[in-house]
Amino acid sequence: MDVIRTVAELRQRRAAIQGTLALVPTMGALHAGHLMHLDVAQQQADEVWVSVFVNPTQFGPNEDYARYPRTLEADLAACEARGASAVFCPEPSEVYPPGVEPAHVDVPGLADQLPAGLEAAHRPGHFAGVCRVVLKLLMMAQPTHVTLGVKDLQQLRVCQAMIKDLNVPTEVIEIPIVREPDGLAMSSRNAYLDPDQRQRAAGIQRALQHAKQRAQQGGVHATELETQIAQAITDAGLVVDYAVVRDGYTLRPIDELGNASWAIVTARLGAVRLLDNLRLV
Ligand code: AMP
């Protein structure tokens, strides 16, 4: 497995590939959720590359960029064991060379305060940073496939829209959410939780599963479910940033529960923000 730190090396390595190439973009601190991306990528492409890059431009000034877990040695070992043929782990100055004028890609319908809101309302500038780094990684590695997780549903929809509208010749592979045995969605940030918080965190998935049962019984409105989900998560001892039922593709509010209704939640335990979502119908 090659460990690649510069764009020039990456391009050289890319030029030697004949078949299909899947890129798995990550911020490292790899867990079983990330490894599922590698496994699915392996089934769909001849070669799999992983990028490990804690992207500074998607963090706000008061967010956890500095303390985000960095476990490169373990990540490299996990990628090698899972059959990746290269890991791209550049320094920030390689991705954002000084003196280069920043360019922005915007997907306003999905990534602005209105109409979508969600993470955009809580993390101003976040999706500008996400779009910029994802597009950069796709231009650098020129993969035929890229894996993106449903765990970050808004990020997935924003990136899919960007890739489609800008005719990026890369196919998106959606990866379902990998969970802990108690239902908590795996996340590199779960490492921040103390044992008590870790136990409470499972309340998110319980609330979502309960909402799914109610939705499938019928006769319940989206707004009622939103209130119930928020209450259940609050009762579990978390602070709800938002708990909404939306169309899972357009991320627009819905009147009636229907085919693409998803519950989308972000809740906090202390300083730790936990994202989750579940398709209801
Ligand atoms: P991150 O390292 O958190 O930026 O995540 C890298 C990729 O893994 C993104 O496409 C995420 O949506 C995805 N991902 C994160 N957590 C999970 C999970 N629990 N299951 C599946 N994919 C995930």
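Residues numbered from 1 in each chain as written. Predicted model: local features only at pLDDT ≥ 70, side-chain atom pairs only at ≥ 80, totals over all residues. Heavy atoms only, no water.

Draft legend 1. Region of the structure containing the overall build of the protein chain. In terms of helices and strands, the protein chain carries eleven helices and nine strands. Here the C-alpha radius of gyration of the protein chain, 19 Å, is about what a compact globule of 281 residues would show, namely 19 Å. With the principal axes as the frame, the protein chain shows a C-alpha extent of 55 × 40 × 40 Å. Relative to its full complement of 281 residues, the protein chain shows a buried share of 53%. Sequence-distant contacts, at least 24 apart, represent 73% of the contacts inside the protein chain between residues at least 6 apart. A total accessible area of about 13000 Å² is found for the protein chain, and carbon and sulfur atoms account for 52% of it. Of the side-chain charges in the protein chain, 25 are positive and 32 negative, and the distance between the mean point of each set is 1 Å. (Helix = DSSP H or I, 4+ residues; strand = E, 2+ residues; numbered from the N terminus. Rg over C-alpha atoms; globule rule 2.2 N^0.38 Å. Buried < 20%, exposed > 50% of the residue type's maximum accessible area, 1.4 Å probe, protein only. Contact = heavy atoms within 4.5 Å. Areas by Shrake-Rupley, 256 points an atom, 1.4 Å probe, with all protein chains shown as cover. Lys, Arg positive; Asp, Glu negative; His and termini not counted. Charge placed at Lys NZ, Arg CZ, Asp CG, Glu CD.)

Draft legend 2. Representation of the sheet that holds strand β1 (residues 2-4). Here six strands make up an open sheet; going across it, the order is β1-β4-β3-β2-β5-β6 and the pairing parallel. In the strand order of this sheet, the two ends are held by β1 and β6 (171-175), each with one partner. Between one strand axis and the next, the sheet turns through 25 degrees on average, direction left out of account. Pairing of strand β2 (residues 21-26) with strand β5 (residues 145-149), which is carried by two bridges, proceeds in the parallel orientation. If you follow A22 over to β5, its bridge partner there is H145. Docked against the sheet, helix α3 (residues 72-81) engages β1, β3 (47-52) and β4 (86-88), running at close to 170 degrees with respect to β3. Contacts from helix α7 (residues 126-141) reach β2, β3, β4 and β5 within the one sheet, and its direction differs from that of β2 by about 150 degrees. (Pairing = 2+ DSSP bridges. Axes fitted to C-alpha atoms, helices over the stretch in contact; angles between N-to-C directions.)

Draft legend 3. Summary view of the pairing of strand β7 (residues 239-247). Extensive coverage of β7 is indicated by the burial of seven of its nine residues. Bridge count between β7 and strand β8 (residues 261-269): eight bridges; the pairing is antiparallel. Each bridged residue has a counterpart across the sheet, and for V239 the counterpart in β8 is R268.

Draft legend 4. Structural view of the packing of aromatic side chains. Within the structure shown, the criterion is met by four aromatic pairs. Where F59 meets Y68, the ring centres are 5.9 Å apart and the plane angle is 75 degrees; that geometry is what we call edge-to-face. There is no split in this pair, since F59 and Y68 are both buried. Ring geometry for Y249 against W262: centres 6.5 Å apart, planes inclined by 85 degrees, an arrangement best described as edge-to-face. Note that Y249 is positioned in the loop between β7 and β8 and W262 in strand β8, a separation of 13 residues in sequence. Y249 gets classed as partly exposed once you look at its relative accessible area, which sits at 42%. Note on W262: relative accessible area 8%, which makes it buried. Three or more aromatic residues joined by ring pairs make a cluster, and in this case those are F59, Y65 and Y68. We note R67 situated over the ring of Y192; from NZ or CZ to the ring centre the distance is 4.1 Å. (Phe/Tyr/Trp six-rings, centres within 6.5 Å; stacked < 30°, edge-to-face > 60°. Lys NZ or Arg CZ within 6 Å of the ring centre and 35° of its normal.)

Draft legend 5. Highlighting the layout of surface pockets. Within this model, the largest pocket holds a volume of roughly 370 Å³. Along the wall of the largest pocket there are 20 residues; nearest its centre are N62, E63, D64, R123 and R273. Grouping the constituent residues of the lining of the largest pocket by class yields seven nonpolar, seven polar and six charged. Taken as a whole, the second largest pocket encloses approximately 240 Å³ of empty space. Lining the second largest pocket are 17 residues, with V52, F53, V54, R70 and P90 sitting closest to its centre. (1 Å grid on protein atoms, 1.4 Å probe; cavity = no way out; pocket = protein on both sides within 12 Å on 5 of 7 lines; lining within 4 Å. Points joined across faces, edges and corners; volume = space filled by probe spheres on them. Nonpolar A, V, L, I, M, F, W, Y, C, P; charged D, E, K, R; others polar.)

Remember that the coordinates give geometry; whether it matters functionally is a separate question.
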